[in-house]
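Residue strings, one per chain:
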Amino acid sequence: MSQEFVQISTFPPMVLAHEQANLALLLPDPNPRVGCVITNAAGEVLAQGHTQRVGEAHAEVMALRALRAAGHEARGSTVYVTLEPCAHHGRTPPCCDALIEAGVARVVVAQQDPNPKVAGQGLARMRAAGIEVEVLPPDHPSAVATRELNIGFFSRMTRGLPWVRMKIAASLDGQTALDNGASQWITGDTARSDGHAWRARASAVLTGIGTVLEDNPLLDVRLVETPRQPLLVLVDSKLETPPTARLFTPGRQVLIYAAVPDAAKEAALRAKGADIVYCPGERQKVDLAAMLRDLAAREVNELHVEAGHKLNGSFVREGLVDEFLLYLAPKLIGAGRGMVNIGPLTELSQAVALEFHQVERLGPDLRILARRRGYAGWPG
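Just so you know, the residues in each chain are numbered from 1, in the order the chain's sequence is written. Given that the model is predicted, a residue must reach a pLDDT of at least 70 before its local features are reported, and side-chain atom pairs must reach 80 or more before they are shown or counted; all residues, however, enter totals for whole chains, interfaces and linings. Excluded from the side-chain calculations are hydrogens and water; all other atoms, namely the structure's heavy atoms, are used.

1. Digging into the nonpolar core
Most often, soluble globular proteins have nonpolar side chains that are buried together. In plain words, nonpolar cores are sets of buried Ala, Val, Leu, Ile, Met, Phe, Trp, Tyr and Cys residues tied together by side-chain atoms within 4.5 Å. Partly exposed describes any residue whose relative accessible area lies between the buried limit of under 20% and the exposed limit of over 50%, with all areas from a 1.4 Å probe on protein chains only and scaled to the type maximum. Of all hydrophobic cores here, the largest spans 34 residues; its most connected members are L206, Y257, M291, L295, L303 and F315. Secondary structure elements are taken from DSSP: a helix is a run of H or I of four residues or more, a strand is a run of E of two residues or more, and numbering for both begins at the N terminus. Tallying contributions element by element places helix α10 (residues 288-297) first for this core, with five residues. Membership of the second largest hydrophobic core comes to 28 residues, among which are A47, A63, M126 and F154.

Below you can see the structure in the form of structure tokens.
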């Protein structure tokens, strides 16, 4: 048996587990992104692993496989995992059972699984099998990091809603396009590539019929590598999407939410491979809140919204945006098209209050993550 150990600097094992979880960023949707590290009694790292694509092995199983491939025994080891090992038969067997059968001595968990099918059951089964189990406090940096990495999964499991992230690229004076609609390109190459990276991590990308008719966008992930394309969601109350729209590409899932039935238009769009869901609200518009509940039922964790100022305004007025992903270019445009159509307000107290969550410079531009006040620590 090999006696060589994997030594990775002096980082604590849970930090290494989070590095593994980050490697799973684009892989397991709709499952959570999880990392796992196994150490011996001396604290030396023996193996690591992270969650694979949906239906494939979870982080714990990947780490156990790596452990055995290196010729090590799991018995008596300590396992560091960012999320509670699952306890139910889903697309794969329970991970808590795999750890029990392997004979590990101790399991340290950064965060309890919010999935009602797990929610402490994995912890209980491991404890019942004689494994020492430790769960980090909710305010521990590793617990917070796990929630942040899986913010959409936590949102769907606890609220029955996806985490809604609205992306906007604008000039420093808040214009997303010139008055004539020209907008390519306000921000630079680095910001645009970063925007595609955020598209890639989302379960679904959403836009409105106004954007389709005016810009005829692809709204896919092109500027960064990705193992999958997110679901494309279109808000199109009257089914006005042309069957010739560029968004209809081979193999791409397109889901259209409508409010006004039209058999002929529906047939033409279904012939292009689109799925149509009627979700009528007031004034022959799509009920956006009901749409979000339906998307959560379809296992959408993170919803990435890239729309025009009118649809953006509807989302904001209804309080449906959790996070704003803003790219600001050092340019002044003057008269143009704004970010969201929510006014005019009569008092400053009516303004939508936000808190900066993160600010970073990307080339010449700024990227700002802002959350509604009271949401900045969610899920806390």
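2. Observations regarding the sheet that holds strand β3 (residues 78-81)
Should DSSP find at least two bridges between two strands, the strands are taken to pair. Taking strand neighbours across the sheet as the criterion, the five strands line up as β2-β1-β3-β4-β5 in an open arrangement whose pairing is mixed. Unpaired on one side and paired on the other, β2 (45-50) and β5 (132-135) mark the two borders of the sheet. Across the sheet, the mean angle from the axis of one strand to that of its neighbour is 15°, orientation sign disregarded. Where β3 lies against strand β4 (residues 106-109), four bridges are found, and the strand directions are parallel. Pairing of T78 across the sheet is with R106, part of β4. Of the strands in this sheet, β1 (35-39), β2, β3 and β4 touch helix α1 (residues 13-23), which is tilted by about 145° from β1. A fitted line through C-alpha atoms represents every axis, and for helices the fit uses only the stretch in contact; the resulting angles, taken between N-to-C directions, go from 0 to 180 degrees. Should any heavy atoms of two residues lie within 4.5 Å, those residues are considered in contact.

3. Observations concerning the pairing of β3
The side chains of a regular strand alternate between the sheet's two faces. Here β3 shows two buried faces, one formed by T78 and Y80 and the other by V79 and V81. Relative to β3, β1 is paired through four bridges, and the arrangement is antiparallel. The residue of β3 that forms the bridge with I38 is V79.

4. Some words on a positive patch on the surface
A cluster of basic side chains, namely K238, K265, K285 and K310, defines a positive patch on the protein surface. Here K238 lies in the loop between β9 (231-235) and β10 (254-258). The patches reported here contain residues having more than 30% relative accessible area and no salt bridge. Joining distances are 9 Å for like charges and 5 Å for nonpolar side chains (Val, Leu, Ile, Met, Phe, Trp, Tyr). Each accessible area is a Shrake-Rupley result for a 1.4 Å probe, and residues are judged covered by the shown protein chains and nothing else. Whenever Lys or Arg places a side-chain nitrogen within 4 Å of a carboxyl oxygen from Asp or Glu, that contact is recorded as a salt bridge. The positive count covers Lys and Arg only, the negative count covers Asp and Glu only, and His and the chain ends enter neither. Every charge is mapped onto a representative atom, which is NZ of Lys, CZ of Arg, CG of Asp or CD of Glu.

5. Observations concerning the side chain of E306
Mapped onto the elements of the fold, E306 is located in the loop between β12 (302-305) and α11 (309-317). In terms of polar contacts, E306 uses its side chain to reach the side chain of R199, at 2.8 Å. Setting aside residues no more than four positions away along its own chain, E306 makes contact with K167, R199, L206, T207 and L219. Under this definition, polar contacts are N or O atom pairs within 3.5 Å; protein pairs additionally need one hydrogen-donor-capable and one acceptor-capable atom, and for neighbouring residues in sequence, both atoms have to be side-chain atoms.

6. What to know about the state of the cysteines
Any cysteine sulfur atom paired with another within 2.5 Å is treated as part of a disulfide. Considering all chains together, one arrives at zero disulfides under this definition. Lacking any disulfide linkage, C95 is separated from the closest cysteine sulfur, that of C86, by 3.7 Å.

7. Observations concerning the confidence of the model for the protein chain
pLDDT is a residue-level measure of predictor confidence that goes from 0 to 100. Mean pLDDT over the protein chain works out to 92, with 95% of the residues at or above the 70 mark. Low confidence marks residues 1-9, where pLDDT is under 50. Its contacts with residues over four positions away, or in another chain, come to 16 contacts.

8. Focus: the environment of Q229
With respect to the secondary-structure elements, Q229 resides in the loop between α8 (209-215) and β9. Taking the relative accessible area as the measure of exposure, Q229 reaches 34% and is therefore partly exposed. In this structure the C-alpha to C-alpha distance between Q229 and V205, which are 24 residues apart in sequence, comes to 9.4 Å. Sequence-distant contacts of Q229, defined by excluding residues within four places in its chain, comprise D220, V221 and R252. A distance of 2.8 Å separates the side chain of Q229 from the backbone nitrogen of V221, its partner in a polar contact.

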